[in-house]
Amino acid sequence: MKALVISGGGSKGAFAGGVAQYLMEVEKREYDILVGTSTGSLLIPQLALNKIGKLYDIYTNVNQRSIFSLNPFVVRKKGDREYVSINFLTTFLQFVKSRRTFGESKALRRTIKKNFTVKEFQSIKESKKDVVVTVSNLSKNRIEYKSIKDFSYDEFCDWIWISCNYIPFMSLVKRDGFEYGDGGLGCVVPIREAIRRGATEIDAIILESENMDHNRVLGKNPFSLMLSIYGFVLDQIEYHDISEGVLAAKHKGVQLNLYYTPTKLTENSLIFNKKLMSQWWQQGYSYAQEKFSSVT
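Residues numbered from 1 in each chain as written. Predicted model: local features only at pLDDT ≥ 70, side-chain atom pairs only at ≥ 80, totals over all residues. Heavy atoms only, no water.

1. What to know about the overall build of the chain
As a reminder of what qualifies: A run of H or I in DSSP becomes a helix once it reaches four residues, and a run of E becomes a strand once it reaches two; helices and strands are each numbered from the N terminus. Throughout, the radius of gyration refers to the C-alpha atoms, and the reference size of a globule is 2.2 Å times the residue count to the power 0.38. For each residue, the accessible area found with a 1.4 Å probe, counting protein chains only, is set against the maximum for its type, and the residue is called buried under 20%, exposed over 50%, and partly exposed in between. In what follows, residue pairs with any heavy atoms lying within 4.5 Å of each other are defined as contacts.
Scanning the chain for helices and strands turns up 11 helices and 10 strands. Taking 19 Å as the expected radius of gyration for a compact globule of 296 residues, we find that the chain reaches 18 Å, a close match to that expectation. Taking the principal axes of the C-alpha coordinates as reference, the chain spans close to 55 × 45 × 35 Å. Of all 296 residues assigned to the chain, the portion counted as buried reaches 53%. Restricting to contacts in the chain with at least 6 residues of sequence separation, those with at least 24 account for 76%.

Dropping the structure here:
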């Protein structure tokens, strides 16, 4: 059984879309299992349907308003560079309302339902493909994996949304008495879950450069510093996930193919820039093309 695994990475998901396009259209890869975390959870339903053109349109037209119903960030420009700072007014209002997050992402749930229809959901359920999203159960302090096979349309759309909610900057969601957030808080690259579900060959797209050898720009205030620290923690989780995945693959005799970004794409993956995301999609396609060319 072949599996496609896509890591978390926010707007960098556009790069994963380009890699997946090459794998599916040129290399003719067909996947029985698709497992995603965060932005990977957004990608995999359309990839399971082989609707790559639609996915491209989604990922190259999304913006902050498509994600945030209450945006905790302000995007500023300094020369040609865009950077993110905290919207202090929004943050203050959240504190006044006794909310536990700096922003809200209900707009993302509407975007998911707008672009993933009931008909498409049923089409996947009727196929033999297993589409699985990663979420963090913060109440139970554990990672959970939600398969499309086990839920209704509305429920599965909620799990996709929850998988993407980067706490504390996006919505904290309560389901069945438990509170949930972004799957990447516990598992950024769910390779082991694909193996557990029976995969014998895995293509894993990792939305970070392989050596991670770069100097992080630390924030100049407590909030932006928090973003930098979160990035550091997620990098460590990602490294751990990959190491465990490689070991599990060797132990089970699973063929594991890893696809990294060739460079660090962005300092903050919560910036959704149409021009950059179009470029990253093409970079992903070209990267996969070059990777296979070098093998042959």
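2. A look at unusual backbone geometry
For the bond from Ile-167 to Pro-168, the omega torsion is 10°, close enough to zero to count as cis. Here Pro-168 lies in the loop between helix H8 (153-164) and strand S7 (173-175). Within the chain, Lys-28 stands out as a residue other than glycine whose phi angle is a positive 60°. Of note, Lys-28 is situated in the loop between helix H1 (13-25) and strand S2 (33-37).

3. Side note on the pattern of salt bridges
Put simply, the rule is: Within this document, salt bridges are pairs made up of a side-chain nitrogen of Lys or Arg and a carboxyl oxygen of Asp or Glu, the two lying within 4 Å of each other.
Summed over the entire model, instances satisfying the criterion amount to 17 salt bridges. With a closest N to O distance of 4.0 Å, Glu-208 and Lys-12 form a salt bridge. Of this pair, Glu-208 sits in strand S9 (residues 201-209) while Lys-12 sits in the loop between strand S1 (2-6) and H1, and the two are 196 residues apart along the sequence. Between Asp-158 and Arg-109 there is a salt bridge, with its nearest N and O atoms 2.3 Å apart. Taken together, the residues span a long stretch of sequence, with Asp-158 in helix H8 and Arg-109 in helix H6 (residues 106-115) at a distance of 49 residues.

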